[in-house]
Amino acid sequence: MTGTDNTGINPAAQHKKKAYFAMCKVTVLLFVFTVLSSSASVLISEMLALLSEPLEFLLAKLLMLFGMRKTTSICVAIEFFSSAAFYESISMLASVITMIIPTLVFVKLTKMTSEECFEVRGKTVKCLPLIFCVCQLLTMSALVFSQTVYGFFVPDGMGGTSTGLGGELDTAGIIMRVINVCIFVPVAEEFVFRGVMFSYLKKYGLSFAVVASAMLFGVAHSSPVQTVYAFVFGVLVAFLACVTGNIKTGIVLHALNNFVTVMTEYLGTKTDASTFNSIYAAYTCIVLMVSFFGIYRMVVSDDLFGKYRICAKQNDLCIEEHPGLGQIMTIPMIFFVVNYAMNTAMGVLLQ
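Cut-offs applied
- Residues numbered from 1 in each chain as written.
- Predicted model: local features only at pLDDT ≥ 70, side-chain atom pairs only at ≥ 80, totals over all residues.
- Heavy atoms only, no water.
- Helix = DSSP H or I, 4+ residues; strand = E, 2+ residues; numbered from the N terminus.
- Contact = heavy atoms within 4.5 Å.
- Axes fitted to C-alpha atoms, helices over the stretch in contact; angles between N-to-C directions.
- Parallel < 35°, antiparallel > 145°, perpendicular 65-115°, else oblique.
- Nonpolar A, V, L, I, M, F, W, Y, C, P; charged D, E, K, R; others polar.
- Salt bridge = Lys/Arg side-chain N within 4 Å of Asp/Glu carboxyl O.
- Buried < 20%, exposed > 50% of the residue type's maximum accessible area, 1.4 Å probe, protein only.
- Bend = angle between axes of the 7 residues up to and from the residue.
- Phe/Tyr/Trp six-rings, centres within 6.5 Å; stacked < 30°, edge-to-face > 60°.
- Lys NZ or Arg CZ within 6 Å of the ring centre and 35° of its normal.
- Left-handed = near helix turned anticlockwise from the far one by under 90°.
- Core = buried A, V, L, I, M, F, W, Y, C linked by side-chain atoms within 4.5 Å.
- Polar contact = N/O pair within 3.5 Å; in protein donor to acceptor, adjacent residues only side chain to side chain.
- Patch = residues over 30% accessible without salt bridge, like charges linked within 9 Å, V, L, I, M, F, W, Y side chains within 5 Å.
- Areas by Shrake-Rupley, 256 points an atom, 1.4 Å probe, with all protein chains shown as cover.
- Expected span 1.5 Å × (residues − 1).
- Arc of directions from axis to C-beta.

Quick word on the overall build of the protein chain
Secondary structure summary: the protein chain contains twelve helices and zero strands in total. From first element to last, N terminus to C terminus, the protein chain shows the α and β order α-α-α-α-α-α-α-α-α-α-α-α. Here the analysis covers contacts within the protein chain between residues at least 6 apart in sequence; of these, 79% occur between residues at least 24 apart.

Re the packing of helix 8 (residues 224-244) against helix 9 (residues 248-270)
The contact between helix 8 and helix 9 brings their axes to 9 Å, and the two run at 155 degrees. Between helix 8 and helix 9, the crossing angle belongs to the class labelled roughly antiparallel. In contact with Tyr229, Phe233, Leu236, Val237, Leu240 and Thr244 of helix 8, helix 9 contributes Thr249, Gly250, Leu253, His254, Asn257 and Thr261. Among the residues forming the contact of helix 8 with helix 9, the class breakdown is six nonpolar, six polar and no charged.

Points about the pattern of salt bridges
In this structure the tally under the stated criterion is two salt bridges. For Arg177, the salt bridge identified is with Glu265, shortest N-O distance 2.9 Å. You can see Arg177 sitting in helix 6 (residues 171-201) and its partner Glu265 sitting in helix 9, a full 88 residues away along the chain. For Arg177, a relative accessible area of 4% corresponds to the buried category. Owing to a relative accessible area of 17%, Glu265 belongs among the buried residues under this scheme.

Some details on helix 1 (residues 11-65)
Approximately 55 degrees is the largest bend angle found in helix 1, and it occurs at Leu51, with the proline Pro54 only one to four residues beyond. Gly67 sits one or two positions beyond helix 1 and adopts a positive phi of about 95 degrees.

A few points about the packing of aromatic side chains
Aromatic ring pairs: the centre-centre distance and the angle between the two ring planes describe each pair. Following the criterion strictly, the structure yields seven aromatic pairs and no others. Their ring planes at 75 degrees and their centres at 5.2 Å tell us that Phe106 and Tyr200 sit as a pair that is edge-to-face. One end of the pair, Phe106, is in helix 3 (residues 84-110); the other, Tyr200, is in helix 6, and 94 residues separate them in sequence. Centre to centre, the rings of Phe217 and Phe233 are 6.3 Å apart; their planes meet at 40 degrees, and the pair counts as tilted. Placement of Phe217 in helix 7 (residues 206-219) and of Phe233 in helix 8 is noted, with a sequence separation of 16 residues between them. By the burial criterion, Phe217 is buried, and Phe233 matches it. Taken together, the ring pairs connect Phe33, Phe193, Phe217 and Phe233 into an aromatic cluster. If you follow Lys203 out to its NZ or CZ, it ends over the ring of Tyr200, 4.0 Å from the centre.

Here's the deal with the packing of helix 7 against helix 8
One way to put it is that helix 7 packs onto helix 8 with a least axis distance of 7 Å and a crossing angle of 145 degrees. The crossing of helix 7 and helix 8 is right-handed. Touching Leu206, Val210, Val211, Ser213, Ala214, Met215, Phe217, Gly218 and Val219 of helix 7 are Thr227, Ala230, Phe231, Phe233, Gly234, Val235, Ala238, Phe239 and Cys242, all from helix 8. When grouped by side-chain class, the residues that make up the contact of helix 7 with helix 8 number 14 nonpolar, four polar and no charged.

Overview of the nonpolar core
Within soluble globular proteins, side chains that are nonpolar generally end up buried alongside one another. With 51 residues, the main nonpolar core has Met197, Leu201 and Leu253 as its most contacted residues. Sequence-distant contacts of Met197, that is, excluding residues within four places in its chain, are made with Val26, Leu29, Leu30, Phe33, Val192 and Leu216. One finds Leu59, Leu63, Ala77 and Phe81 within the second-largest nonpolar core, a separate group that totals six residues.

Digging into the side chain of Ser213
In this structure, Ser213 sits in helix 7. A distance of 2.7 Å separates a polar atom in the side chain of Ser213 from the backbone oxygen of Ala209. Within polar-contact distance, the side chain of Ser213 engages the backbone oxygen of Val210 at 3.2 Å. Here Ser213 is in contact with Phe193, Phe198, Leu201 and Ala238, once residues within four sequence places are set aside.

Describing a nonpolar patch on the surface
There is a patch of nonpolar side chains on the surface, built from Val28, Phe31, Val32, Val35 and Leu36 and spanning about 390 Å² of accessible area. Looking at the secondary structure, you find Val32 in helix 1.

Remarks on helix 2 (residues 70-81)
Here helix 2 spans 17 Å end to end across twelve residues, near enough to the 16 Å set by a 1.5 Å rise per residue. Buried residues of helix 2: Ser73, Ala77 and Phe81, and no others. Looking straight down helix 2, one finds that the buried residues subtend no more than 50 degrees of arc, so they occupy a single side. Turned more than 90 degrees away from the buried face of helix 2 sit Thr71 and Glu79, all of them exposed. Packed against the buried residues of helix 2 are helix 1 and helix 3.

What to know about the environment of Leu240
If you trace the backbone, Leu240 turns up in helix 8. Of the residues examined, Leu240 reaches a relative accessible area of 1% and is grouped as buried. Along the primary structure Leu240 and Val210 are separated by 30 residues, whereas in three dimensions their C-alpha atoms are 9.5 Å apart.

A few points about the environment of Ile101
With respect to the secondary-structure elements, Ile101 resides in helix 3. Using a relative accessible area of 49% as the deciding quantity, one classes Ile101 as partly exposed. When the C-alpha atoms of Ile101 and Phe33 are compared, they prove to be 8.4 Å apart, with 68 residues separating the residues in sequence.

Nothing here speaks to function; it is geometry throughout.
Given below as structure tokens:
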């Protein structure tokens, strides 16, 4: 769309300007809950250090009321409040709260409806296992690519390449991590990035919203390696949200993807290198074989790309000339560079 209307205003220029300010708004939201999350982590550590003894005393007294011996109850209380599972639970709760509350405020201020930002009805995607394998193929490829490129520019010891969840956990810790990372985090992140951000941006064009929301999702992971990995994943789940009209598929896909990450980390700490490499190689081969069939189904049989084009044509708010890279990348990349520089500087200072 080119030229101007009767008022002398260029519609395409106005559209791009509005899209730019929309990206500013959602990036501010990302900045707010990132700062809150970082602050909450520090606050939790300090509070647990201050309150550990009173909490241990209260739990020990409670256990004694149920007939447990004093010495045993004290040992159980100390072990519970010093366990990785306890800290994992508190950290997860803080992370979800600091993400959800600012997003709900954003929803209120922008007057989005509940149907827009947490749509779970609508169509479902067939052959989810095939789509999951395609997702694994794409994200593993992105991970290898980003790690290779990152390794050329950043010397060893600077940090930022890890995509693991960190820390060796006992059985209780692993169970709690699965619950946190594979249930609570997928629901929260899909609500924020696909439910709210994608829905808010799609009036400026579906393709724009898919790429822009994925860009924000990648930037939220705060390191170059994870940004590329998360961006590729974000494009796929936003695309599925567009085709299906809901975030159910994205939640399930996100949960499965995180489960594989947790299990990979767990096996890496519990098995020797040769056993782990054999298991991972077998898994990769299965993913490769199934994903090629999945790509065929997505492109030819189910024709998801055709459905996406139909969705784009039906979007009456979508004008011909989409916003460009400036609207998608400028503000999020400034945020990413500043945030990553701060994290890297802190890492160097703490070494």
